[in-house]
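# Tertiary structure, described
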Amino acid sequence: MLSRTVQDAMNEQIMNEFHASFQYLSMAAYFESANLPGFSRWMRVQSQEEMEHALKFYDFVLDRGGNVVLGPMDGPAVEFGSPLEVFEEALAHERRVTAQINSLYSLAAGENDYASQTFLQWFVTEQVEEEKNTGDVLETLRMIGGGSEALFLLDRELGNRTDGDQPEAG
Ligand code: FEO
C-alpha cells in the first residue's frame, strides 16, 4: 500500500509527464509548420514516450492499491523562435524532470518504501538517456549555427527515429 504522501507525489508526476507529452506535441507541430518533418517526427515520438511514462506511474499507483487522481494541467508553450530555442527548452525540461524523479526517490527512501524505489530506478536510468539524447541534438544545432544544408541533413536523420529508438545526432 502506498503512503498518502508518496501517492500524492506520484499523482503529481503523472500530470508532469502528461504535460511533457503535450509540450513535445506542441513542439512537433511547430516543426511541422517550419517544414522540418524529421524534427517533428522526433518530437512526436518523444511525446508518445512521455505518455508512456505517465501511464507507468498511473499503473504503478493502481497496482499498489492507491488512488489515481488526475488534476488540471497548464497548456503547453505554442510559440517558438527557432529549432535551437526548442531544444534548449526541451533540455531544460528534461533537467527539471530529473529533479522531480530524484525528489520522488528521496521521498520513497525516506519512507522505507522499497517497491517505489525499485520502480523509480527505471526512471532514474531513463533520465540519463533523456538528457543525453536531447543534449546531443542541442549540441549539433549549436554547431550548425545558421547552416541550412546541415539543418536539412539533421532533419533527415532525426526523421529516422522510431519508438524506443533514438539515433545519435550529428
Ligand atoms: Fe518522462 Fe522526458 O521524461
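Just above sits the structure.
The subject of this paragraph is the overall build of the protein chain. A count of helices and strands for the protein chain gives five helices and zero strands. The linear arrangement of helices and strands in the protein chain, starting from the amino end, is α-α-α-α-α. The C-alpha radius of gyration computed for the protein chain amounts to 17 Å, which stays within 12% of the reference 15 Å derived for 170 residues, consistent with globular compactness. For the protein chain, the spread of C-alpha atoms along the three principal axes comes to 55 × 25 × 25 Å. Put simply, the protein chain has 170 residues, and 44% of those count as buried. Considering only intrachain contacts with a sequence separation of at least 6, the fraction spanning at least 24 residues in the protein chain is 80%. For the protein chain, the distance from the average site of its 11 positive side-chain charges to the average site of its 29 negative ones is 1 Å.

Before going further, it helps to examine the packing of helix α1 (residues 4-33) against helix α2 (residues 37-63). For the pair α1 and α2, the least separation of the axes is 8 Å and the interaxial angle reads 165°. Between α1 and α2, the interaxial angle falls into the category roughly antiparallel. At the point where α1 passes α2, the crossing takes the left-handed sense. Here the residues of the contact of α1 with α2 are counted per class, giving 19 nonpolar, seven polar and four charged.

Our focus in this paragraph is the packing of α1 against helix α3 (residues 83-110). Their axes nearest at 11 Å, the elements α1 and α3 cross at an angle of 170°. Here α1 lies roughly antiparallel to α3, going by the angle between them. Along the lines of polarity and charge, the residues of the contact of α1 with α3 split into 17 nonpolar, five polar and three charged.

What counts and how
Residues numbered from 1 in each chain as written. Predicted model: local features only at pLDDT ≥ 70, side-chain atom pairs only at ≥ 80, totals over all residues. Heavy atoms only, no water. Helix = DSSP H or I, 4+ residues; strand = E, 2+ residues; numbered from the N terminus. Rg over C-alpha atoms; globule rule 2.2 N^0.38 Å. Buried < 20%, exposed > 50% of the residue type's maximum accessible area, 1.4 Å probe, protein only. Contact = heavy atoms within 4.5 Å. Lys, Arg positive; Asp, Glu negative; His and termini not counted. Charge placed at Lys NZ, Arg CZ, Asp CG, Glu CD. Axes fitted to C-alpha atoms, helices over the stretch in contact; angles between N-to-C directions. Parallel < 35°, antiparallel > 145°, perpendicular 65-115°, else oblique. Left-handed = near helix turned anticlockwise from the far one by under 90°. Nonpolar A, V, L, I, M, F, W, Y, C, P; charged D, E, K, R; others polar.

From the geometry alone we can't say anything about function, so treat these as descriptive.
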